[in-house]
Amino acid sequence: MNNPAEINSEAANAVEQAVGHQFTDRSLLERALTHASFSQTGVRDLERLEFLGDRVLGLLTAEELWRRYPDLPEGQLAPRLNALVRKETCAEAARSFGLGKALRMSAGEEKTGGRDKDAILGDACEALLGALYVDGGLTAARGAYDRFWGANFTDLMEGHRDAKTALQEWAQERGHGTPRYQELDREGPDHAPVFTIAVEVGDLKRETARGSSKQAAQMEAAKTLLRREGVWTS
């Protein structure tokens, strides 16, 4: 196990190689690799870089969507963007860049598996994009973006698309309008309710589903309708 008080130089060098950028200001990389659980006088963590990197990621993703899908309206671009910038996607990118091994964190956080937690890895990935932007501008940030997001763009976007979003896009593409959800029933005690939800799309036959929350029941109803129409196969 690495000393959590030190940056693993070998792992940090591997991160630079993975993203295709050698930092001019090495302190930016070290800061991006320092989790908030690590506290020591004079040491700054990744949170401010994460704030910046989140915006850099959003810009790069919006630009990529705008270029790849010139005919899609904003309403269909937005859910695709959300899938590409979500924390879980950033965590996948962090793993591909080898950030887990390079992170500096408290011994306690490391013992609880911090190096592989989606929340921590996602934050670190955004911080890394922020550090790349500060050190090398959009060119450096885009280089890292292309190596993960660009190379896996369609799979990332489709893999995280939820059933309600998929149904809305499918319905709009075929001129059916926006899906309508209606609560039909609520059973069970307050601590364990069961909702029955119906979904209607245009003039198509409606479908119903049950779930432990309205959102879960809506999602299942959307999935049921998509399966019936041969759109959803999972």
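Residues numbered from 1 in each chain as written. Predicted model: local features only at pLDDT ≥ 70, side-chain atom pairs only at ≥ 80, totals over all residues. Heavy atoms only, no water.

Caption draft 1: Quick look at the environment of Val-199. Relative to the assigned elements, Val-199 resides in strand β2 (residues 194-200). Residue classification places Val-199 among the buried residues on the basis of a relative accessible area of 0%. C-alpha separation for the pair Val-199 and Arg-210, spaced eleven residues apart in sequence, amounts to 12 Å. With residues up to four places along the chain from it excluded, the contact list for Val-199 reads Leu-167, Pro-179, Arg-180, Tyr-181, Arg-206, Glu-207, Ala-221, Ala-222 and Leu-225. (Helix = DSSP H or I, 4+ residues; strand = E, 2+ residues; numbered from the N terminus. Buried < 20%, exposed > 50% of the residue type's maximum accessible area, 1.4 Å probe, protein only. Contact = heavy atoms within 4.5 Å.)

Caption draft 2: Examining the pattern of salt bridges more closely. On inspection of all chains with the given rule, the structure shows 22 salt bridges. In this structure, Asp-123 and Lys-87 form a salt bridge, with 2.5 Å as the shortest nitrogen-oxygen distance. Taken together, the residues Asp-123 in helix α8 (residues 118-150) and Lys-87 in helix α5 (residues 87-97) connect sequence positions 36 residues apart. Across the pair Arg-210 and Glu-187 runs a salt bridge whose closest N-O atoms are separated by 2.8 Å. Placement of Arg-210 in strand β3 (residues 207-211) and of Glu-187 in strand β1 (residues 180-187) is noted, with a sequence separation of 23 residues between them. Arg-210 gets classed as exposed once you look at its relative accessible area, which sits at 52%. Via salt bridges that share partners, Glu-50, Lys-87, Asp-123 and Glu-126 belong to a single interconnected network. (Salt bridge = Lys/Arg side-chain N within 4 Å of Asp/Glu carboxyl O.)

Caption draft 3: Structural view of the environment of Glu-229. Counting through the fold element by element, Glu-229 comes out in the segment after α11 (214-228). Among the residues examined, Glu-229 registers a relative accessible area of 33% and is labelled partly exposed. With 25 residues separating them in the primary sequence, Glu-229 and Leu-204 have C-alpha atoms 9.9 Å apart. Dropping the residues within four chain positions of it, Glu-229 is found in contact with Trp-170 and Leu-204.

Caption draft 4: Spotlight on the state of the cysteines. Inspection of every chain in the model, using the stated rule, returns zero disulfides. The closest cysteine sulfur to the non-disulfide-bonded Cys-90 is located on Cys-125, 5.0 Å from its own sulfur. (Disulfide = S-S within 2.5 Å.)

Caption draft 5: Structural context of the side chain of Arg-31. Along the chain, the position of Arg-31 falls in helix α2 (residues 26-32). Although Arg-31 is buried, it makes no salt bridge; Asp-45 carries the closest opposite charge, 6.0 Å away. If sequence neighbours within four positions are ignored, Arg-31 has contacts with Arg-44, Asp-45, Leu-46, Arg-48 and Leu-49. (Lys, Arg positive; Asp, Glu negative; His and termini not counted.)

Caption draft 6: View of helix α3 (residues 47-68). The first and last C-alpha atoms of α3 sit 31 Å apart over 22 residues, in line with the 32 Å expected at 1.5 Å per residue. The complete set of buried residues in α3 reads Leu-49, Glu-50, Gly-53, Val-56, Leu-57, Leu-60, Thr-61, Glu-64 and Leu-65. The arc that holds every buried residue of α3, seen down its axis, measures 165 degrees, which confines them to one face. The exposed set on the far side of α3, more than 90 degrees from its buried face, consists of Arg-48, Phe-51 and Trp-66. (Expected span 1.5 Å × (residues − 1). Arc of directions from axis to C-beta.)

Caption draft 7: Local environment of the packing of aromatic side chains. Evaluation of the coordinates by the stated rule reveals two aromatic pairs. With centroids separated by 5.2 Å and ring planes inclined at 5 degrees, the aromatic side chains of Tyr-145 and Trp-149 adopt a geometry described as stacked. Placement of the pair is Tyr-145 and Trp-149 together in helix α8, with a separation of four residues, close to one helical turn. Both residues of the pair, Tyr-145 and Trp-149, count as buried. On the basis of an interplanar angle of 90 degrees and a centroid distance of 5.3 Å, the ring pair of Phe-148 and Trp-149 is categorised as edge-to-face. The same class applies to Phe-148 as to Trp-149, namely buried. (Phe/Tyr/Trp six-rings, centres within 6.5 Å; stacked < 30°, edge-to-face > 60°.)

Caption draft 8: Region of the structure containing the sheet that holds β2. The sheet built from three strands is open, its strands ordered β1-β2-β3 with antiparallel pairing. Edge positions in the open sheet fall to β1 and β3, since each of these has one partner strand only. On average, adjacent strands in this sheet sit at an angle of 25 degrees to one another, irrespective of strand direction. Sheet topology note: the β1/β2 ladder contains seven bridges and is antiparallel. When the sheet's bridge partners are listed, Glu-183 is paired in β2 with Ile-197. (Pairing = 2+ DSSP bridges. Axes fitted to C-alpha atoms, helices over the stretch in contact; angles between N-to-C directions.)

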